[in-house]
2 protein chains.
Amino acid sequence: MPRTSKKGPLYTTIYSQLRSEIFKGAFLPGEMLPSESQLCSEFQASRETVRKGLKELESEELIYSRPKIGYFVSTPRHSDFTVNFTEYIEGCTTQYKNIHGIFPDEQVQKALDIPPNQVVIEFEQLTINPEGAIIAYSKKYLPYERAHPSVESELNYAVFPEITMPKLDTFSLYTSIRISAVAADDSLAEIMQCSPGEPLLLVERFFIQQDEQLAGYALFYVKQPYGQLNGMSGHRL
Amino acid sequence: MPRTSKKGPLYTTIYSQLRSEIFKGAFLPGEMLPSESQLCSEFQASRETVRKGLKELESEELIYSRPKIGYFVSTPRHSDFTVNFTEYIEGCTTQYKNIHGIFPDEQVQKALDIPPNQVVIEFEQLTINPEGAIIAYSKKYLPYERAHPSVESELNYAVFPEITMPKLDTFSLYTSIRISAVAADDSLAEIMQCSPGEPLLLVERFFIQQDEQLAGYALFYVKQPYGQLNGMSGHRL
DNA sequence: GAGTGGTCTAGACCACATG
DNA sequence: ATGTGGTCTAGACCACTCT
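Residues numbered from 1 in each chain as written. Chains lettered and ligands numbered in written order. Predicted model: local features only at pLDDT ≥ 70, side-chain atom pairs only at ≥ 80, totals over all residues. Heavy atoms only, no water.

1. Regarding the pattern of salt bridges
Where charged atoms of side chains with opposite charge meet at close range, the side chains can pair. Following the criterion strictly, the structure yields 14 salt bridges over all chains and no others. Salt-bridge contacts for Lys55 of chain B lead to Glu56 of chain A; the nearest nitrogen and oxygen are separated by 3.2 Å. Residue Lys55 of chain B is located in helix α3 (residues 47-59), and its partner Glu56 of chain A is located in helix α3 (residues 47-59); the two belong to separate chains. You can call Lys55 of chain B partly exposed: its relative accessible area is 30%. Glu56 of chain A gets classed as partly exposed once you look at its relative accessible area, which sits at 24%. Here the salt bridges do not stand alone but share partners, grouping Glu36, Arg47 and Arg51 of chain A into one network. (Salt bridge = Lys/Arg side-chain N within 4 Å of Asp/Glu carboxyl O. Helix = DSSP H or I, 4+ residues; strand = E, 2+ residues; numbered from the N terminus. Buried < 20%, exposed > 50% of the residue type's maximum accessible area, 1.4 Å probe, protein only.)

Spelled out as structure tokens, the structure:
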């Protein structure tokens, strides 16, 4: 006999029905679900409709399919987290400190994989909280190219993505991130107006083109407890 | 005339064909793709097959559909990162320092949302690198329940997930993470054999049940540059 | 009214698993 | 030999948008 149905498209009710049964524990991780044809009978649906519901569960990674065998409930992974990072911090303002061309130091050479004599554009930025205290310091590096418009004069108020994007196919870009903790050195302490040795969260980003060329390198230092990163793993809802 | 095809299922070639055209810039973000029926002609495929290819692109978030209007190329988001975190660190070993029941301090009370008089099980663990140096220190807290077997005696060699899992519906659990930087205080410095004030990366995890009940709280302190977190955003491949 | 995507069906053929 | 999932088709109806 058909299971109780709810609303909306049929494949959606199949999806959510199975989903809730999985969460209720009716099917445990590793167990096999009923076959497609059994589900067809149970839901009075065609095979493609059933498959559509199963596909949803599959792309949610709640189940997986072993071809020619059946569908199985996944064992949850709690090691991959989705983390949101933007430089924007609630209630804070941002101001440019400096924009100019420089010869890269060793760290930047390594990050962008360029020789010491290739000019890079350096963007320095400060984030200031409502009380006027500096809470974050950001440095970004962009390899300089002749084709690029005169950055210093034109782009003082542009933000990094708006500068890098135009010269790239928008989709040729992905970003790699590295998160670490550092102690403020004397130079950082002066810029950020804190004590040398104060622990800072450091978020580095590498902007990468389709051809694996590095299009930009960004460092973001933030005083604690500001700018802590949050994320989720597993199945929400 | 049909576009050049490659191999495998038809919907896969539709998918990868469109995908590569998007990456090549043939369709820019915000632009509309050819309609389903146009794609049917171009690929000599049925509508459902074309839709299957489009669905792949959609779940990859490369395109989105505006119902009754058409499919559009997405504007990439570079703010959501997929970060992998496990306590395991390449080449290092792990050893238990302590497992026992305690009354929670304020931090743990807050994290687990429990009263001061509810016993929690505390697990302490050290990670040691090949040279024998302590590089990470982990603390985990689990609300104690009568139903639970005698933890101290039985579970000395079990790992945290294996302890928490059995008493939960496996899927009733998701994990929330918080990443920050801290300076080692005197107590941490002694445990981790480092100088007070040394910057440490702190990864906190909250294990959450389906009913929003907190099933566990974990802290992971790691010396730098060990255990830095890495992630990706955007479209790989 | 013509075109669009969203849903659904009832078939079909295939390659592979298991007994 | 039977059952499974993987692919594919040729229709169908709907609700909506655009003009």
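2. Remarks on the interface of chain A and chain B
Contacts between the two partners involve 51 residues from chain A, matched on the other side by 51 residues from chain B. Where chain A packs against chain B, one counts two salt bridges. If you look at where chain A meets chain B, you find 20 residue pairs in polar contact (both at pLDDT 80 or more). Sort the elements by how many residues they give to the side of chain A that touches chain B and strand β7 (residues 174-183) of chain A lands first, with ten residues. Residues belonging to the side of chain A that touches chain B are distributed by class as follows: 23 nonpolar, 19 polar and nine charged. Taken together, the six bridges between β7 of chain A and strand β10 (residues 229-234) of chain B define a ladder with antiparallel strand orientation. Residue pairing across strands places Tyr174 of chain A opposite Gly234 of chain B, the latter belonging to β10 of chain B. (Contact = heavy atoms within 4.5 Å. Polar contact = N/O pair within 3.5 Å; in protein donor to acceptor, adjacent residues only side chain to side chain. Nonpolar A, V, L, I, M, F, W, Y, C, P; charged D, E, K, R; others polar. Pairing = 2+ DSSP bridges.)

3. Notes on the protein's contact with DNA strand D
Inspection of the region around DNA strand D gives 23 residues, with Arg47 and Glu48 of chain A together with Leu10, Ser46 and Thr49 of chain B positioned closest. A share of 62% is what sugar and phosphate atoms reach among the atoms of DNA strand D within 4 Å of the protein. Within the side chain of Arg47 of chain A, one N or O atom sits 2.7 Å away from a base nitrogen of DNA strand D. Contact distances for DNA strand D include 3.2 Å between a phosphate oxygen and a side-chain N or O atom of Tyr71 of chain A. (Near = heavy atom within 4 Å.)

4. Let's talk about the packing of helix α1 (residues 10-24) of chain A against α3 of chain A
When two helices pack together, you describe them by how their axes are tilted relative to each other and by the distance separating the axes. Residues and elements named next belong to chain A. Axis separation between α1 and α3 bottoms out at 8 Å; the angle between their running directions is 50°. By the criterion of interaxial angle, the relationship of α1 to α3 is oblique. Crossing of α1 against α3: the hand is right-handed. Packed against α1, whose contacting residues are Leu10, Tyr11, Ile14, Tyr15, Leu18 and Arg19, the element α3 presents Thr49, Val50, Lys52, Gly53, Leu54, Glu56 and Leu57 at the interface. Of the residues that constitute the contact of α1 with α3, the class distribution is eight nonpolar, two polar and three charged. (Axes fitted to C-alpha atoms, helices over the stretch in contact; angles between N-to-C directions. Parallel < 35°, antiparallel > 145°, perpendicular 65-115°, else oblique. Left-handed = near helix turned anticlockwise from the far one by under 90°.)

5. Side note on the pairing of strand β8 (residues 199-208) of chain A
All names here are of chain A. Counting buried residues in β8 gives ten out of ten residues, a clear majority hidden from the surface. Burial along β8 is two-sided: Pro199, Leu201, Val203, Arg205 and Phe207 facing one way and Leu200, Leu202, Glu204, Phe206 and Ile208 facing the other are all buried. Two strands pair when backbone bridges link them, and β7 and β8 are joined in this way by ten bridges, in the antiparallel orientation. Paired with Ala181 across the bridge in β8 is Leu201. Relative to strand β9 (residues 214-223), β8 is paired through nine bridges, and the arrangement is antiparallel. In the strand pairing of β9, Phe207 is matched with Gly216. What sits between β8 and β9 in their antiparallel hairpin is a turn of five residues, with Glu212 showing a positive phi close to 75°.

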